[in-house]
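Structure at a glance
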Amino acid sequence: MTPTRDYRFEVFKEDCRSSIPDAAVKVVGNTSGVVPLNGEVEVKIDIDPEKIAASDVFQDSTEPNKKNITICVKSILEIDSVEINFHETIMSIIVNMANDFAIENIVTERTEAIKQNETVDSIATINEFFCPNGTLTQPDTWTEGTPTPVFKQGSIFKMCLEVITQNVSPKSILQFGFSQTDGGSKKPWGMLGPDEDKDKLFGKGSVAAFNCSQSKCMIQTMIPAEYFDDLNSTTNKPFDLEGSGSILL
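Here's what I pulled together on the structure shown here. (Residues numbered from 1 in each chain as written. Predicted model: local features only at pLDDT ≥ 70, side-chain atom pairs only at ≥ 80, totals over all residues. Heavy atoms only, no water.)

1. Topic: the environment of asparagine 65
Tracing the sequence through the fold places asparagine 65 in the loop between strand E5 (58–60) and strand E6 (66–79). You can call asparagine 65 exposed: its relative accessible area is 57%. In sequence terms asparagine 65 and asparagine 96 are 31 residues apart; their C-alpha atoms lie 6.3 Å from each other. (Helix = DSSP H or I, 4+ residues; strand = E, 2+ residues; numbered from the N terminus. Buried < 20%, exposed > 50% of the residue type's maximum accessible area, 1.4 Å probe, protein only.)

2. Considerations on the pattern of salt bridges
Counted under the stated rule, the structure contains 3 salt bridges. Glutamate 78 is the partner of arginine 8 in a salt bridge, and the nearest nitrogen-oxygen pair spans 2.5 Å. In this pair, arginine 8 sits in strand E1 (residues 6–12) while glutamate 78 sits in strand E6, placing the two residues 70 residues apart along the sequence. The salt bridge involving lysine 13 is made with aspartate 56; its shortest N-O contact spans 2.9 Å. (Salt bridge = Lys/Arg side-chain N within 4 Å of Asp/Glu carboxyl O.)

3. A few points about the sheet that holds strand E14 (residues 209–213)
With respect to topology, 4 strands assemble into an open sheet ordered E10-E11-E15-E14, the strand pairing being antiparallel. With one partner strand each, in any of the chains shown, strand E10 (126–130) and E14 form the two edges of the open sheet. Neighbour to neighbour, the strand axes of the sheet diverge by 15 degrees on average, direction disregarded. (Pairing = 2+ DSSP bridges. Axes fitted to C-alpha atoms, helices over the stretch in contact; angles between N-to-C directions.)

4. So, the state of the cysteines
Within this structure, the stated rule accounts for 3 disulfides. Each sulfur in the disulfide pair cysteine 16 and cysteine 72 lies 2.1 Å from the other. Torsion about the S-S bond of the cysteine 16 and cysteine 72 cystine: about 100 degrees, corresponding to right-handed handedness. Highlighted residues: cysteine 16 in the loop between E1 and strand E2 (25–28) and cysteine 72 in strand E6, separated in sequence by 56 residues. Each member of the pair, cysteine 16 together with cysteine 72, is buried. Disulfide pairing places cysteine 212 opposite cysteine 217 at an S-S distance of 1.9 Å. Handedness of the cysteine 212-cysteine 217 disulfide follows from its S-S torsion of about 105 degrees: it is right-handed. (Disulfide = S-S within 2.5 Å.)

5. A short note on the pairing of strand E11 (residues 156–163)
On a regular strand, each side chain points to the face opposite its neighbour's, so the side chains alternate between the two faces of the sheet. Counting buried residues in E11 gives 6 out of 8 residues, a clear majority hidden from the surface. Two strands pair when backbone bridges link them, and E10 and E11 are joined in this way by 5 bridges, in the antiparallel orientation. Among the inter-strand pairings, phenylalanine 129 is bridged to a residue of E11, identified as cysteine 160. Pairing of E11 with strand E15 (residues 216–222) involves 7 bridges; the strand directions are antiparallel. Counterpart to methionine 159 in the pairing with E15 is isoleucine 219.

And the structure:
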């Protein structure tokens, strides 16, 4: 997890959305706080034997005298109580019923990331492209990457701009943000912009970095997690996004 960011843990059924009734399974101990410098936070899960027995997450196993409990543990990063990233882990717990509710084995797996394609539009006469291997401080790495990347929640978003007009060079990125292009219920978010527009900026401040050199600029940020959780009912995938902004020449 990202050091010094606020975090919290939540637990759900296997679909990572439905609550578990009667708190039969819950996070105990450090349910929220600030991520330490080593980036490691321990999460502890408590299972109430009596309540879990009546829960629909307590399922028969294919093995004799065994039961399965499958849950989703969601770790969330926040800025000023606004969710900026999350990670969901499916936890499968095999319970040996012959041992008076003793947990025998725990298997965890990362949930399949929701695939997200990004399209970027600019209001300047420029060439725009994804540069997933770029480094902000190294302009010689600002080259187009192939194939076009698919973004998951938590992925670093990197894009580059190249001014194609001769004798014109970029000085700065004035604004940059994301918006849904084909529906969706989430508002547009600015990731970079002036302080006077802070109410339009995710986290009430710029959460993107950029650098310009000669004819190019590079922008680096993260896509707000809420976009990945807003699914199109027809495709069951997140709505497409557009990244747009303005550049000072």
